[in-house]
Amino acid sequence: MQVFVVGGAVRDALMGQSVNDRDWVVVGSTPEAMTAQGFVPVGKDFPVFLQPKTREEYALARTERKTARGYKGFAVQAAPDVTLEEDLARRDLTVNAMAVPEALAHQAPSTWTEQIVDPYGGQRDLQAKVLRHVTHAFTEDPVRILRLARFAARFADFSVAAETMALMREMVEDGEADHLVPERVWQELAKGLMSTQPSRMFEVLRECGALKVLLPELDRLWGVPQRPEYHPEVDTGVHMMLVMDMAARLNTPLSVRVACLMHDLGKGTTPADVLPRHIGHEGRSVKLLHKVCERLRVPTDCKELAEVVAREHGNIHRSAELGPEALMRLLDRCDAIRQPERFARVLQACECDARGRLGLEEAAYPQAARLLHAQQAALSVETAPIAQAAAAHGLKGPEIGLQITQARVKAITMASL
């Protein structure tokens, strides 16, 4: 029995990055032999085991054969005679198809020298900064399109090999992307959104044609003009990518990045005769993002934040013009009193939108500080005494709510806003 660390752990170590998780491949063993050594079986589709002490995953070397469309359409063979090279051949990219013997796994990569098992040129492609498929079997799993796009976002200075891009186009044209299940699409998109340059993921998906299949609402934004006095970049698709990269630059959480991704979807359905204006795009964006979130089963917190941002981002941008009463109405529409932490994320997304414009990347966004100040003023009002006094005078429900709102407006006014 031979044990190797494989995949991302080898890649990241060779790139000088920290390695948090390791995947292990066992060659020349059987499930019975693994359990006899205390390994705990956990794999449903193929033999995977937990090491009894470290709890890391050890998988028996295996091959895969395509049997049907989709990422589950595989027949798996795990046997003692499956070689390490055969196991590495089923992996997606050459930079993920390298292995190191267990004895060297925890040593510095500089000591690996000739011990790296690299039958498909992973080290060469790491040095050249190229994302390249291992074998033509890449085409058998449509999830690999998403994984490659996600890696492009993580390793933003890597290019995609021309022959690999051609394979992905073939896969899309053959309908493979149509069979991706929502959970896997969302899983990979979420990882890509949290990468260092999310725009690269969407550029790759768009180049191979998969974006039109998976997110047609986003794909149609390219070529849609905006007013240059507000958007020097003009093209809505270009604006969206600038916004996404600003969200990464500001280190925002996933919910903010989802909101950034969906805030302008309605511009893709603006009638041609009114372009480059986009009257009412906010409401259209809300409707479209609901469909996207339902289709991809996006988490509720992401969907709800995206809805507020899509509906109110224009009002938030113009909030410097608003007086105390209008500010209070905006806070109410954003549910900023009941959900103060979420409101801070709404403002983060709006700042990304404002600074995700050509030449405005370093611009200040004073709207956020002013609105947070207004929110704090409104939150400083002690509502219980107001409600008790109003109830003592026979006021009920909406009337009491009006009294509280008036007190909050007064507090905002006193805060010199």
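Above this note sits the structure.
Reference entry: report on the structure contained in this document. What you see is a predicted model; the values in this text were computed from it and never measured. (Residues numbered from 1 in each chain as written. Predicted model: local features only at pLDDT ≥ 70, side-chain atom pairs only at ≥ 80, totals over all residues. Heavy atoms only, no water.)

**Examining the packing of aromatic side chains**
- On inspection of all chains with the given rule, the structure shows four aromatic pairs.
- Each ring, one from Trp24 and one from Tyr58, has its centre 5.3 Å from the other, and the planes form 5°; the classification is stacked. Remark: Tyr58 occurs in strand E5 (residues 57–60) and Trp24 occurs in strand E2 (residues 23–27); sequence separation between them is 34 residues. Just as Trp24 is buried, Tyr58 falls in that class too.
- Ring centres 5.2 Å apart and planes at 65° place the aromatic pair Phe39 and Tyr58 in the edge-to-face group. Note that Phe39 is positioned in the loop between helix H2 (31–36) and strand E3 (40–41) and Tyr58 in strand E5, a separation of 19 residues in sequence. (Phe/Tyr/Trp six-rings, centres within 6.5 Å; stacked < 30°, edge-to-face > 60°. Helix = DSSP H or I, 4+ residues; strand = E, 2+ residues; numbered from the N terminus. Buried < 20%, exposed > 50% of the residue type's maximum accessible area, 1.4 Å probe, protein only.)

**Quick word on the nonpolar core**
- In terms of nonpolar packing, the biggest core is built from 109 residues, with Met168, Leu189, Phe202, Leu205, Leu218 and Ile316 touching the most fellow members.
- The leading source of residues in this core is helix H5 (residues 143–154), at eight residues.
- Sequence-distant contacts of Leu218, defined by excluding residues within four places in its chain, comprise Phe202, Leu211, Met240, Leu261 and Leu265.
- One finds Ala61, Ala79, Leu88 and Ala99 within the second-largest nonpolar core, a separate group that totals 13 residues. (Core = buried A, V, L, I, M, F, W, Y, C linked by side-chain atoms within 4.5 Å. Contact = heavy atoms within 4.5 Å.)

**So, the pairing of E2**
- Judged by how many residues are buried, E2 sits mostly within the fold: four of five residues are covered.
- Where strand E1 (residues 2–6) and E2 come together, five bridges link them in antiparallel fashion. By the bridge assignment, Val5 is partnered in E2 with Trp24.
- Both E2 and E5 contribute to a ladder of three bridges, which runs parallel. Within E5, the residue paired with Val26 across the bridge is Leu60. (Pairing = 2+ DSSP bridges.)

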